[in-house]
Amino acid sequence: MTTTSPATTDEAPQPETPPPPSRGWAALRPLILRLHFYAGLFVAPLLLVAAVTGLLYAASFQAEKIVYAHELTVPVGDRKLPVSAQVSAAREAHPEGTVSAVRPSPQADATTRVLLSGVEGVDADHTLAVFVDPYTGKVRGALEQYGSTGALPLRTWIDEFHRDLHLGEPGRLYSEFAASWLWVIAGGGLVLWFSRRRARRTVRGTTGRRRTLGLHGTIGAWAAAGFIFLSATGLTWSTYAGANIDELRTSLGQSTPSVSADAGGDHAGHGPAASSGGDGGHGVGLDKVLAAARAEGLGDPVEIVPPADASSAYVVKQVQRSWPEKQDSVAVDPATGEVTDVLRFADHPLLAKLTRWGIDLHTGTLFGPVNQIALMLLALCLILLIVWGYRMWWQRGRGNAFGRPIPRGAWQQVPPQILVPLLAAIAVLGYFVPLLGIPLAAFVVVDVVLGEIAHRRGRRTNGAGRT
C-alpha cells in the first residue's frame, strides 16, 4: 500500500516543522499571500458587481447617443435662434418648475438643453432637461438628467447601480468597500507575482492549477496599475474616505474653488445656486450674459446658471470634461451685463486639478471613446481575474476538500522591527480609509484568536497523548 504525501505549492508552503525566523521579504511574503487570498475571497463578489456595472457604464456613453438620438441631434440649419427665444419655447411647452440652467447647443447638429428644477415627479437631485432645436425652436422632447456630465435616464440608471445598487446612501458602502480593498488586492498580487521565479510565471505548456495561476498572475500584473488607479479615484468621492480626502485637501489649501455668484465678485467661494423662478431671464437677459462670457474666452460647451436672488450674478461655466478640458467660469452682473468675477481652470490648485482629471478618467469622459474602451477592458480583466481566483481556490482542494485556506500564523514570522512600523502605517491608513482599516483590524483579531484556540487545543491533545 502506497501513500501520497500532501501536495505543497509554491504559494502556500506548509512544512511539518516550524521554519526558522525569516527576515525581510521572506518574512512578509506569507503575510501578503494570506491577506491577498482572504481579501480576494471575500471582497471578490463586490468587485464583480462593480466590474460588471462599471463595464456597462463605460458603454453607456455611446449607447446614450443611439437611444436618445432624436432628443440630442437635429438637422443643421442656417442660423441659430437667440438663446432667450429657445428658452421661451421650452417654457411654453414645459411651464412647470423653474429654470436652473441652460446649455446652449455646443455643436451645429446638437440641441439646446433647458434644465428645469422642482418639477413634480423628478428626483430632487435631478433636473428635467427640455431639448430644443436651436434653429426652429421646436421642442424635441424632455428627459430626466443627472450630474454635471448630463447623464440621461439610461446612463443615470447604470451609474446609480454602479455607485449604490439603487439603495441610496447605505448602498454606497458597497462601492466604497470594494474601492478600499481593490488596490490592496491588486498591489499584493503584483508583489507576489514579481517575487516568483521567472520560470514559475509562465503560462505556455502548463496545466491545472499552475496554468490558472499563470493566467491570473499575468493578466493581474498587466492590469494592476489600472486597478490601483480606479481604487484611488473611486475613493475621492466615496462617503467616508472621500470626506477625509476633502478635509485633507481643504487643510492644505487644495480644495476646488468656484466663481463667486455674488454680484460683487471677489472669488467669494460660493457655488452657483438654482434660479428662484421664471424663465431664466433676469436683468440684461441670457443673450447678453452669454456674449459677455464669450468675450472672456469661454467657448462651447457652456452652462448658464441664472441668479439665485436679487443680489446674485449669472454664472457661466464651461462643462467640457474631455481633453483638453474646458472648466473656466465667469460671473456676470444681471443689471449691467459686466463680468464681475473670472475663474480659470489653470489657476486651480494642483490637487484640485488632479482630482478633476482623476474623476474624469475614472468615469470615461477625459479621453472619450478611447477612455471608455480602456475602462471596459479593465472591467473585463477584473471579471476574468475573479473567475480564475475562485477556480484556483477550488483547485487548492485535495480529494473532497474544497479550497484549502492559506496556513494561519504568517504574521508571527514577521520580525518586530518590520511588524511594528507596518501596523502603524496600517493604522494611519485605516483612519483615512475606514472601510479598509476596520475589516483589516477585525481580520487580524479573528486570526489571532483562532490561532490561539488552535494552539491551546494542540497543547491539550499533546498533553493527553503523553499521559
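Residues numbered from 1 in each chain as written. Predicted model: local features only at pLDDT ≥ 70, side-chain atom pairs only at ≥ 80, totals over all residues. Heavy atoms only, no water.

Caption draft 1: Structural detail: the confidence of the model for the chain. When the pLDDT values of the chain are averaged, the result is 86; 84% of them are 70 or greater. Confidence over residues 1–18 falls short of pLDDT 50; this stretch has 21 contacts with residues more than four positions distant or in other chains. (pLDDT = per-residue confidence, 0-100. Contact = heavy atoms within 4.5 Å.)

Caption draft 2: A look at helix α8 (residues 286–295). Along α8, the residues that are buried comprise Leu286, Val289, Leu290, Ala292 and Ala293. Angular distribution of buried residues about the axis of α8 spans 155°; they occupy a single face of the element. Across α8 from its buried face, at more than 90 degrees, point the exposed residues Lys288 and Ala295. Positive backbone phi, at 95°, marks Gly297, one or two positions downstream of α8. (Buried < 20%, exposed > 50% of the residue type's maximum accessible area, 1.4 Å probe, protein only. Helix = DSSP H or I, 4+ residues; strand = E, 2+ residues; numbered from the N terminus. Arc of directions from axis to C-beta.)

Caption draft 3: Structural context of the side chain of Arg249. Here Arg249 lies in helix α7 (residues 240–251). Those residues in contact with Arg249 that lie beyond four places of it in its chain are Gln254, Ser255, Thr256, Leu351, Ala352 and Thr355.

Caption draft 4: Structural view of the pattern of salt bridges. Using the criterion set out here, one finds 11 salt bridges in the structure. For Lys317, the salt bridge identified is with Glu303, shortest N-O distance 3.7 Å. Of this pair, Lys317 sits in strand β6 (residues 314–318) while Glu303 is found in strand β5 (residues 302–305), placing the two residues 14 residues apart along the sequence. The class of Lys317 is partly exposed, set by a relative accessible area of 27%. By relative accessible area, Glu303 is classed as buried at 8%. One salt-bridge network, in which partners are shared between bridges, spans Arg103, Glu303 and Lys317. (Salt bridge = Lys/Arg side-chain N within 4 Å of Asp/Glu carboxyl O.)

Caption draft 5: A look at the nonpolar core. Counting residues in each nonpolar core, the largest one holds 27 residues, and the members touching the most others are Leu47, Trp181, Ile185, Phe227 and Leu382. Considering every element that reaches this core, the biggest residue donor is helix α5 (residues 172–195), with seven residues. Among the nonpolar cores identified, the runner-up in size contains 24 residues, and Leu116, Val130, Val132 and Val289 belong to it. (Core = buried A, V, L, I, M, F, W, Y, C linked by side-chain atoms within 4.5 Å.)

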